[in-house]
Structures are given as structure tokens and as C-alpha cells.
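So you can see what is in the structure, the chains are spelled out below.
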Amino acid sequence: MSELQGHLKAMGGSSEEFVFVTLGKLASSYALRCIPFAGMTLLALRAVLSQVGSGRVRRAVCGVLEHWLKGVKTYFRSWDKCPFPRIGEAQFCEHVYPLYCYVVQNWLGCEEEEDKQAVLRAVAAMIGVLLHEEQHREYAWDQLVLYQDTFWATKVRQCTGPGVAMG
């Protein structure tokens, strides 16, 4: 885990896609065992967000966010089964909130459908964590309402296919 985080820090925004994919798979497979690394990983991801250039890397980063935050939600549901000291919702939200703000403000309007779907899955996972903490709940809901047209249009395209005109 620390080696993967080292790749994020050393390479900045030019991190290889495989680093992001591997981080996502670790979180999916070992959610409760990865919790001590969640804060550091989310912080490292925050440092590379502004340097992500290609759609492939954006999708990979969104996958990491989605998987890690699903792992965090699993932790919230079963923290008593985790062998590590309890980490509170507020502490996780402090790591997630800046990621959420950046992704919503900078990536939600991306043009490519595949990118947009990855971004929306990551945003949904972040909202799922932010709703656990009262301090961030209102902002998360406000942003969800603000971008509801984007969410709806993407969902309709997923159901009907990219070539079907809406409206």
C-alpha cells in the first residue's frame, strides 16, 4: 500500500493508470483492512486531481474514488468488525469534501459519455460518505440539486443508448 502511495506522490499527475487501478482493486477486495490507509490515499489523490489530463486516467481516478468510498461506507456499516481503532465519519468527510468539490466543479461537465459516467459514479460514492456527516450534508444535497439535470441526462442516455436523442 505504501509503495502505491509513493507512486502517487513521486509521479504527481503523471501517475500510471495501473497505480490507480491497483488502488481501486485493493479497496474493493480488502475494504476493512485498507481503512488505516484511506485518509492518506484520499489525500494523495487530492494532490493529483488537478494534474489529470486524459480521459483514461480520469476514469481510473474516478474508479479509485468510487471503490475507496464504497469501502469507507462498508466500514461505517461494520466498523466493529475492523481490527483497527475506530475512525469517525467526520474525519473521513474532511478528506472527501475537497475531492468532491474539485470533481463536481471541474469534471462533472466533461464531454465524453464514458468519462461522465465514471465521474457520476465517483460523485455518488462521495455523496454517500458526505451524507454521514451533518456539516457536509447540506452542501452535498445542494450540489446534487444543482446538477440534477446532468445526472438525469446521463442516466437517460445509459438506459436508451448514446445514439438516441432526448427531448
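Quantities reported herein were computed from a predicted structural model and do not represent experimental measurements.

Peer 1: Honestly, the packing of aromatic side chains in this entry has me stumped. Any pointers?
Peer 2: What characterises a pair of aromatic rings is the spacing of the ring centres plus the angle enclosed by the ring planes. Counted according to the given criterion, the structure contains four aromatic pairs. Ring geometry for Tyr-75 versus Phe-76: centroids 6.4 Å apart, planes at 50°, classification tilted. Measuring from centroid to centroid gives 5.8 Å for Tyr-75 and Phe-92, while their planes differ by 65°, and the two rings are edge-to-face. Note that Tyr-75 is positioned in helix H4 (residues 55-78) and Phe-92 in helix H5 (residues 89-106), a separation of 17 residues in sequence. Accessibility expressed as a relative area gives 2% for Phe-92, which makes it buried. Ring pairing ties together the aromatic residues Tyr-75, Phe-76 and Phe-92, which thus form one cluster.

Peer 1: Looking at this model, I keep getting lost on the side chain of Asp-115. Mind explaining?
Peer 2: Here Asp-115 shows up in helix H6 (residues 113-130). Look past the residues within four positions of Asp-115 in its chain and what remains in contact with it is Gly-55, Arg-58, Arg-59 and Cys-110.

Peer 1: Would you explain H5 in this entry?
Peer 2: For an α-helix, 3.6 residues make a turn, and residues three or four places apart therefore share a direction. The end-to-end C-alpha separation of H5 is 25 Å, in line with the 26 Å expected for 18 residues at 1.5 Å each. The largest bend along H5 measures about 30° and falls at Val-96, with the proline Pro-98 one to four residues further on. Where H5 is concerned, the buried positions are Phe-92, Cys-93, Val-96, Leu-99, Tyr-100, Cys-101, Val-103 and Val-104.

Peer 1: Just to check I follow, could you spell out the nonpolar core for this structure?
Peer 2: Most often, soluble globular proteins keep nonpolar side chains buried together rather than apart. Ranked by internal contacts, the top residues of the largest apolar core, which has 46 residues, are Leu-45, Val-61, Leu-65, Phe-92, Val-123 and Met-126. Counting residues per element, the ones that place at least two in this core are helix H2 (17-29), helix H3 (31-48), H4, H5 and H6. At eleven residues, the largest contribution of residues to this core is made by H4. Apart from the residues lying within four places of it in its own chain, the contact partners of Phe-92 are Ile-35, Ala-38, Val-72, Tyr-75, Phe-76, Ile-87 and Val-129.

Criteria and thresholds
- Residues numbered from 1 in each chain as written.
- Predicted model: local features only at pLDDT ≥ 70, side-chain atom pairs only at ≥ 80, totals over all residues.
- Heavy atoms only, no water.
- Phe/Tyr/Trp six-rings, centres within 6.5 Å; stacked < 30°, edge-to-face > 60°.
- Helix = DSSP H or I, 4+ residues; strand = E, 2+ residues; numbered from the N terminus.
- Buried < 20%, exposed > 50% of the residue type's maximum accessible area, 1.4 Å probe, protein only.
- Contact = heavy atoms within 4.5 Å.
- Expected span 1.5 Å × (residues − 1).
- Bend = angle between axes of the 7 residues up to and from the residue.
- Core = buried A, V, L, I, M, F, W, Y, C linked by side-chain atoms within 4.5 Å.

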